[in-house]
Protein chains: 2
Amino acid sequence: MKSKLNIIIIGSGNVANQLAIAFFEKKCNILQIVGRNKKEVTALAKKVKSKASFDFKSIDKFADIYVIAVKDDAIELLASKLKLGNALVVHTSGAVNASVLKKCSKNYGVFYPLQTISKDKKTKFKKVPICIEANNTFAIETLKKAATIISNKVQIISSEQRKIIHLAAVFACNFTNYMYAVSEKILKENKLSFDLLHTLITETAEKATHCSPSKNQTGPAIREDKKTMQAHLLLLKKDKPLQEMYKLLSTAIIKIKNNK
Amino acid sequence: MKSKLNIIIIGSGNVANQLAIAFFEKKCNILQIVGRNKKEVTALAKKVKSKASFDFKSIDKFADIYVIAVKDDAIELLASKLKLGNALVVHTSGAVNASVLKKCSKNYGVFYPLQTISKDKKTKFKKVPICIEANNTFAIETLKKAATIISNKVQIISSEQRKIIHLAAVFACNFTNYMYAVSEKILKENKLSFDLLHTLITETAEKATHCSPSKNQTGPAIREDKKTMQAHLLLLKKDKPLQEMYKLLSTAIIKIKNNK
């Protein structure tokens, strides 16, 4: 494959932004940014020296890969409006079947970066697993080469596997972030700074990448330290849903221990 | 204060080990390791070139600080057995009142390192908040100087505040680790490697230390992406408690959004 890959990005959200920038920095041509949000599309197009298009009819026909990076629910409808013939089209979702792209091209697949991606924090894709999938060998080879441009961790993953990975990621990322948000709220309500927990949060995450978290559970629940758990429930007495959550999570942790 | 602080550590578990080693490396004298588990006490005493004692009666009377690092439930009983007169005695627990140490000395306090501590992973205390508390000004000054030997983040914290911090830490560390354990289990059951999530876990934690997690929630729940949440619940259908937990957590996340 020529190193100057020609890419069209459809969408202007978090994933669209970070992927466009990552490919642009690796000397790929971002031919077009396509989307309805004029302000965002224009801003992104400027960043990656590309054309901005606000209309799917004006889409360029000569890209190597078309990347649909829009929210899950919008992918299928968008695909039905695009007619790209034999061009290679991918979406970037963890939860949507590759086959919804059948409607717009004969060559389709998935390019799913397994990371929490924000617009305002640059994603370092080098260590991010890119889960790729396609409906034929040529397409998978093209995607593998494209993914390798930005990441060292490219994996061929089926739609079924990707959905499992996405579910696991909801626990490891979204639900984990919710736990951080709860601890932030508890501290704030008591005029204490969330900064106090930064070192703990970093170390907890680091440990999980060195040792199995199921073998590394610490805290009052795994020790079955009933006195401390009772004291915590008392502190949460004004927030019944949170108190219930504390009980449910502690019970689940005690269960891990007893199942061992 | 003379730099060669004389310390006695009571206990031989995770916290006892890491604190003894940290003070030893900063040239403090660890006079004694005291505890009932002969094997562990002997091993730790050897590491920090100290005496090993298996009997509370043989405790040395000339230390600057006595650090009780045993599990929460054992602190009070242990304190009632120790008679240390005016010596400065502290425990290291996030959840236990300082006043349980009244029984063993007139000068007592707390030396609570806000970190998840394991025996087999060296704790870098430099960035770890050490929450100190004492029953008089002299004791607090002594503890402040001692804590500053190993950490740059020493904070004077009351028993009430410490309990709040400990509760918040249960969410940010113990419950978070449980989320990691669940994602590991989901992947394993589907013959996928937990390594896939390492980069995501690290980035999620890093983001929380740069930006408020309540403002940074991502995932299907905060987007109210019902199709994806339904698909996830279906994947969890064989594990009813986990399915319930997914629902509860997603509902709580949606509530954050609507309260904004």
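Right above here is the structure, for reference.
Residues numbered from 1 in each chain as written. Chains lettered and ligands numbered in written order. Predicted model: local features only at pLDDT ≥ 70, side-chain atom pairs only at ≥ 80, totals over all residues. Heavy atoms only, no water.

## What to know about helix α9 (residues 240–259) of chain B
We count it as follows: Each helix corresponds to a stretch of at least 4 residues labelled H or I by DSSP, and each strand to a stretch of at least 2 residues labelled E; elements are numbered beginning at the N terminus. By this rule, a helix spans an expected 1.5 Å times one less than how many residues it contains. Whether a residue is buried, partly exposed or exposed follows from its accessible area with a 1.4 Å probe, protein chains only, as a fraction of its type maximum: under 20%, in between, or over 50%, in that order. Should any heavy atoms of two residues lie within 4.5 Å, those residues are counted as being in contact.
For α9 of chain B, spanning 20 residues, the distance from its first C-alpha to its last is 29 Å, which sits close to the expected 28 Å at 1.5 Å a residue. Of all the residues in α9 of chain B, the buried ones are Leu 242, Gln 243, Met 245, Tyr 246, Leu 249, Ser 250, Ala 252, Ile 253, Ile 254 and Ile 256 of chain B. Those residues of α9 of chain B that are buried are in contact with α5 (159–189) and α8 (240–259) of chain A together with α5 (159–189), α7 (220–223) and α8 (226–235) of chain B.

## What about the sheet that holds strand β1 (residues 6–10) of chain A?
All names here are of chain A. The test is simple: In this description, strands pair whenever DSSP reports at least two bridges between them. Only C-alpha atoms enter the line fits that serve as axes; for helices the fit covers just the stretch in contact. Angles between N-to-C directions range over 0 to 180 degrees.
One open sheet holds the 8 strands; their spatial order is β3-β2-β1-β4-β5-β6-β7-β8, and the pairing between them is mixed. Strands with a single pairing partner mark the edges of an open sheet, and in this sheet they are β3 (51–53) and β8 (154–156). On average, adjacent strands in this sheet sit at an angle of 25° to one another, irrespective of strand direction. Strand direction decides the pairing type here: strand β7 (residues 130–134) and β8, joined by 3 bridges, are parallel. Bridge pairing in β8 places Ile 132 opposite Ile 156. Set on the sheet, helix α1 (residues 14–25) makes contact with β1, β2 (29–34), β4 (65–68) and β6 (107–113); between it and β2 the angle comes to about 165°.

## Some words on the relation of the copies chain A and chain B
What counts, and what does not: The copies were overlaid by least squares, fitting only the C-alpha atoms of residues that reach a pLDDT of 70 or more in each copy.
Least-squares fitting of chain A to chain B yields an RMSD of 0.0 Å, with the superposition described by an axial translation of 0.0 Å and a rotation of 180°. What we have between these two chains is a two-fold relation. Minimal C-alpha separation from the rotation axis in chain A is found for Thr 176 of chain A, amounting to 2.6 Å. The fraction of interface residues of chain A whose copies in chain B are also interface residues reaches 100%, indicating that both copies meet through the same surface.

## Some remarks on the interface of chain A and chain B
How we decide: As a working definition, buried area equals the accessible area (1.4 Å probe) given up by two parts on being put together, with both sides summed. Think of a salt bridge as a Lys or Arg side-chain nitrogen and an Asp or Glu carboxyl oxygen that are within 4 Å of each other. Polar contact is the term for a pair of N or O atoms within 3.5 Å; when the atoms are in protein, one must be able to donate a hydrogen and the other to accept it, and sequence-neighboring residues count only if both atoms are side-chain atoms. Gly counts as polar in this scheme, as do all residues outside two lists: the nonpolar Ala, Val, Leu, Ile, Met, Phe, Trp, Tyr, Cys and Pro, and the charged Asp, Glu, Lys and Arg.
Each partner contributes residues to the interface: chain A has 83 residues there, and chain B has 83 residues. Of the roughly 8000 Å² buried between chain A and chain B on both sides combined, carbon and sulfur atoms contribute 69%. Where chain A meets chain B, there are 6 salt bridges. Salt-bridge contacts for Arg 223 of chain A lead to Asp 72 of chain B; the nearest nitrogen and oxygen are separated by 4.0 Å. For the interface between chain A and chain B, the tally reads 27 residue pairs in polar contact (both at pLDDT 80 or more). Where the side of chain A that touches chain B is concerned, the elements lending two or more residues are α3 (72–81), α5, α6 (198–208), α7 (226–235) and α8 of chain A. The element best represented in the side of chain A that touches chain B is α5 of chain A, accounting for 25 residues. When its residues are assigned to classes, the side of chain A that touches chain B shows 43 nonpolar, 25 polar and 15 charged.

## Examining the sheet that holds strand β8 (residues 154–156) of chain B
Residue and element names in this part refer to chain B. On the basis of which strands lie adjacent, the open sheet formed by 8 strands has the order β3-β2-β1-β4-β5-β6-β7-β8 and mixed pairing. Every other strand in the sheet has two partners, leaving β3 (51–53) and β8 as the edge strands with one partner each. This sheet shows a mean twist of 25° between the axes of neighbouring strands, independent of strand direction. Direction of pairing for strand β6 (residues 107–113) relative to strand β7 (residues 130–134): antiparallel, over a ladder of 5 bridges. Bridging from a neighbouring strand, Val 110 pairs with Glu 133 of β7. Running at roughly 165° to strand β2 (residues 29–34), helix α1 (residues 14–25) makes contact with β1 (6–10), β2, β4 (65–68) and β6 of the sheet. In this fold helix α4 (residues 137–150) packs onto β4, β5 (88–91), β6, β7 and β8, with an angle of close to 165° to the strand it touches most, β7.

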